[in-house]
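The lines below spell out each chain.
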2 protein chains.
Amino acid sequence: MTTINTPTLQTTDSDFNQQLQTRLAFDDSTDAGIQSAVTDIIAQVRARGDAAVVELTNKFDRINVASMADLTLTQADLKAAFDGLNDEQRTALQAAAHRVKSYHEAQNAECGKSWQYTEADGTVLGQKVTPLDRVGIYVPGGKAAYPSSVLMNAIPAHVAGVNEIIMVVPTPDGVRNALVLAAAYIAGVTTVFTVGGAQAVAALAYGTATVPRVDKIVGPGNAFVAEAKRRVFGQVGIDMIAGPSEILIIADGTTSPDWVAMDLFSQAEHDELAQSILLCPDADYVAQVRASIDKLLPDMPRRGVIRTSLENRGMLIVTRSMDEACEISNTIAPEHLEISAVNPHVWVDKIRHAGAIFMGAYTSESLGDYCAGPNHVLPTSGTARFSSPLGVYDFQKRSSIIHVSEAGAQTLGQIASTLAHGEGLTAHARSAEMRLK
Amino acid sequence: MTTINTPTLQTTDSDFNQQLQTRLAFDDSTDAGIQSAVTDIIAQVRARGDAAVVELTNKFDRINVASMADLTLTQADLKAAFDGLNDEQRTALQAAAHRVKSYHEAQNAECGKSWQYTEADGTVLGQKVTPLDRVGIYVPGGKAAYPSSVLMNAIPAHVAGVNEIIMVVPTPDGVRNALVLAAAYIAGVTTVFTVGGAQAVAALAYGTATVPRVDKIVGPGNAFVAEAKRRVFGQVGIDMIAGPSEILIIADGTTSPDWVAMDLFSQAEHDELAQSILLCPDADYVAQVRASIDKLLPDMPRRGVIRTSLENRGMLIVTRSMDEACEISNTIAPEHLEISAVNPHVWVDKIRHAGAIFMGAYTSESLGDYCAGPNHVLPTSGTARFSSPLGVYDFQKRSSIIHVSEAGAQTLGQIASTLAHGEGLTAHARSAEMRLK
């Protein structure tokens, strides 16, 4: 038995909002040293290509290879990793991949279709949806090397119709993660380069003799990777720049307190900056969860990380009502939101901002992390206010379709002519007027 | 009659690819001076809020106001601008707004709907689509102040369901553009601040006492605005960072050469960096377009800009075939693509990357710029490889919905447990295992 000093806040406290904001604050600014280091790395890779990538990789990953060939994995390498798994792992990885694929196929059917309509005068308008040609997936190495992330990044790209999926993953000290490579094999990754950091991002964005230039780079990384993605944005597409992971649980007090405590742990164990928050109108229940936390923590292998996370960034919040809990959740816009309640449907309708919503007592966040089907790459740090889970739509883009009929050109030409003259753009106006009879 | 030195390239030239790449190259790097100026402006606005915004606006826009109240326009101001338009302009602006709205409503019906499905064991999966709460629209002042851009940015936000639309527009030397304010009135903009530059972006991203913090900032601007958007990305969402505008015309030689020449002008007149390209397999026709260019240019009020653009960045390219023209277009991924051909359907199927595709001789790009309906905010500089026209989807985001049944938790729990142990995340595994019977 131990005591974890996670604060309990009451929304009735006069300074509640200030306490909440202080606790939520997270400094994501990039220091100037990282900015200039990344600028330099990108310039080197653009100027010297493969040679710079090899040199920087030897330096940062403490290895000693002669050429890009030593940093390139073949399909045979990936298959060997897959074949080397034990039966249980192989089956679980395949089952997860299958479910992730099914979900993203359903998503593609909902929002990945071209469409058009014809107006009375014969003018056709619409949008054509096409996949990206080639994408790059950044997979972190070292302690945060997660095979599940490989599935979650590569499978939507595949379902979207992307032809070539290039994965980069650093292997510090030359150590390869077999589960990560096996996941790349299952997910249909085309080529893997064992390169990481800003040098990997630069190589994918601009291309080298060996690394093909991609159209978009997705996947999480450290501060150097994040800054590099920010700098190459425009040259290529990028996904969100991820912050620390968060869970927010809205509980009505009917779920086993042990389950809720363990769900809070499952986020806290990611890293010391991860944030776990409980919102509940029942003060007695909150006390029970606190007791479960104290009881269960000693058995956790990552208890040091969990304790630091819960004490520095965790919150147990007693609210006036479930409605108020939903309102507070909307101001936080959490990455993961569990609605652990008897009738979660009542509350989900009040939620405006969340990366993923886990409904009911049986839906632990960990099921979504691995195998429920929806993507586990989700907007962090309040960015669910304006962004979405990774999906097939991140690997597709749209082209407007405009086919104006001769009759349509008469109506539209008049309007365009007036507005173009109003903007002082005579060639625009003339171009429309020339099509008038 | 005049002679414009736009080069004619032949795809059969041995150095064609090199000539093409040289001509396409465009340096979009941000110089270090702009980077540090923008960092400083953002820091000032974060630290001193309204006071900094007023001070910086007085300095950069050469005005002298006392407070934010002097930089805030009311609905009455916008209505007065609208009422002051002449009948023709008012009617044209309303007709354009109506068509843009209809198109984006159709788009919303296609890809803006929540969806879910239920599995055999009762588990429900899906996505909930919700609008952003509040967005900021940056509208350039001065020479590039376009009312049509106000419609194209604000209307999709409205259709998406956004509650509050905050517009910022600089008024250098205190000069307001009545058409821009009238467009804001029609498009349903909530509030207008006459503030621009990096200070406007910072105020929208972080909020001040007067300017409400928004969730996303869209709209084009100069290098300071682009760098500011890049820096606040993550704090808020942003749209693409726009480069110079481009048109590429694939012609089969059946459209009046005068029409094609004027369509090339309509892009070139935007600014000297704009790029106009013709691809056609018929050398005689290309010569006719060149003659039309020489003939029509002297009558254009913006002939100086058009000439510079066509001579420095324009290209007339004779291809081996229409198929080859489509292939080259795909490597360029143009913002605007006109397929000026008798049967454009044959060729549109071969197009993989383009912001908007204008099909047939009657579909001049200018119709799309103002009133066809589809958005004129399009990916530039080859970014159509990975990005889409501005649309309702830019003002909405998705939340995954996961509601696992008790039976589902048994199947999924086993898989999650195996994979979580494989990643060394014991709390994730325990959280799934606790739900097993």
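What you are looking at is a predicted structure, and each value in this text was computed from that prediction instead of being measured.

Undergrad: Teacher, can you tell me more about the interface of chain A and chain B here?
TA: It is common to give the size of an interface as the accessible area lost on bringing the parts into contact. Taken together, the contact pairs 123 residues of chain A with 123 residues of chain B. Summing both partners gives a buried area of about 10700 Å² for chain A against chain B, and 60% of it is carried by carbon and sulfur. Taken as a group, A:Y370, A:R385 and A:R435 account for 8% of the area that chain A buries against chain B, more than any other trio of residues on that side. For the interface between chain A and chain B, the tally reads 10 salt bridges. Between B:E119 and A:R99 there is a salt bridge, with its nearest N and O atoms 2.7 Å apart. At the boundary of chain A with chain B, the tally comes to 71 residue pairs in polar contact (both at pLDDT 80 or more). It is helix α5 (residues 87-111) of chain A that provides the largest number of residues to the side of chain A that touches chain B, a total of 13 residues. The residue makeup of the side of chain A that touches chain B, split by class, is 60 nonpolar, 35 polar and 28 charged. Pairing of strand β15 (residues 396-403) of chain A with strand β14 (residues 356-359) of chain B involves 3 bridges; the strand directions are parallel. In the strand pairing of β14(B), A:I402 is matched with B:F358.

Undergrad: Honestly, the sheet that holds strand β13 (residues 336-340) of chain A in this entry has me stumped. Any pointers?
TA: Taking strand neighbours across the sheet as the criterion, the 9 strands line up as β1(A)-β12(A)-β11(A)-β10(A)-β13(A)-β14(A)-β15(B)-β4(B)-β3(B) in an open arrangement whose pairing is mixed. This sheet does not close on itself; its edge strands, each paired only once, are β1 (8-10) of chain A together with β3 (115-118) of chain B. Within this sheet the neighbouring strands show an average axis-to-axis angle of 20°, counted without direction. Across 5 bridges, strand β10 (residues 246-251) of chain A lies against strand β11 (residues 275-280) of chain A in parallel orientation. Of the residues in β11(A), the one forming a bridge with A:I249 is A:L278.

Undergrad: Any chance you could explain the environment of B:A209 here in plain terms?
TA: Mapped onto the secondary structure, B:A209 falls in the loop between α8 (197-206) and β8 (216-218). Distance in space between the C-alpha atoms of B:A209 and B:L78 is 22 Å, their sequence separation being 131 residues.

Undergrad: Help me understand the UniProt feature "binding site: NAD(+)" (unreviewed entry) in chain A in this model?
TA: All names here are of chain A. According to UniProt, the positions carrying the feature "binding site: NAD(+)" (unreviewed entry) are Y138, Q199 and N222. Separation in sequence by 85 residues is not matched in space for these annotated residues, since their most distant C-alpha atoms are only 12.6 Å apart. You can see Q199 is positioned in helix α8 (residues 197-206). Residues within four places of Q199 in sequence aside, it is in contact with I41, V45, V53, L56, T57 and F60. Structurally, the position occupied by N222 is in the loop between β8 (216-218) and α9 (223-232). For N222, the side chain forms a polar contact with the main-chain nitrogen of F224, separated by 3.0 Å.

Rules and cut-offs
Residues numbered from 1 in each chain as written. Chains lettered and ligands numbered in written order. Predicted model: local features only at pLDDT ≥ 70, side-chain atom pairs only at ≥ 80, totals over all residues. Heavy atoms only, no water. Contact = heavy atoms within 4.5 Å. Buried area = accessible area lost by both parts, 1.4 Å probe. Salt bridge = Lys/Arg side-chain N within 4 Å of Asp/Glu carboxyl O. Polar contact = N/O pair within 3.5 Å; in protein donor to acceptor, adjacent residues only side chain to side chain. Helix = DSSP H or I, 4+ residues; strand = E, 2+ residues; numbered from the N terminus. Nonpolar A, V, L, I, M, F, W, Y, C, P; charged D, E, K, R; others polar. Pairing = 2+ DSSP bridges. Axes fitted to C-alpha atoms, helices over the stretch in contact; angles between N-to-C directions. UniProt positions renumbered as here; feature names shortened; annotations may be inferred.

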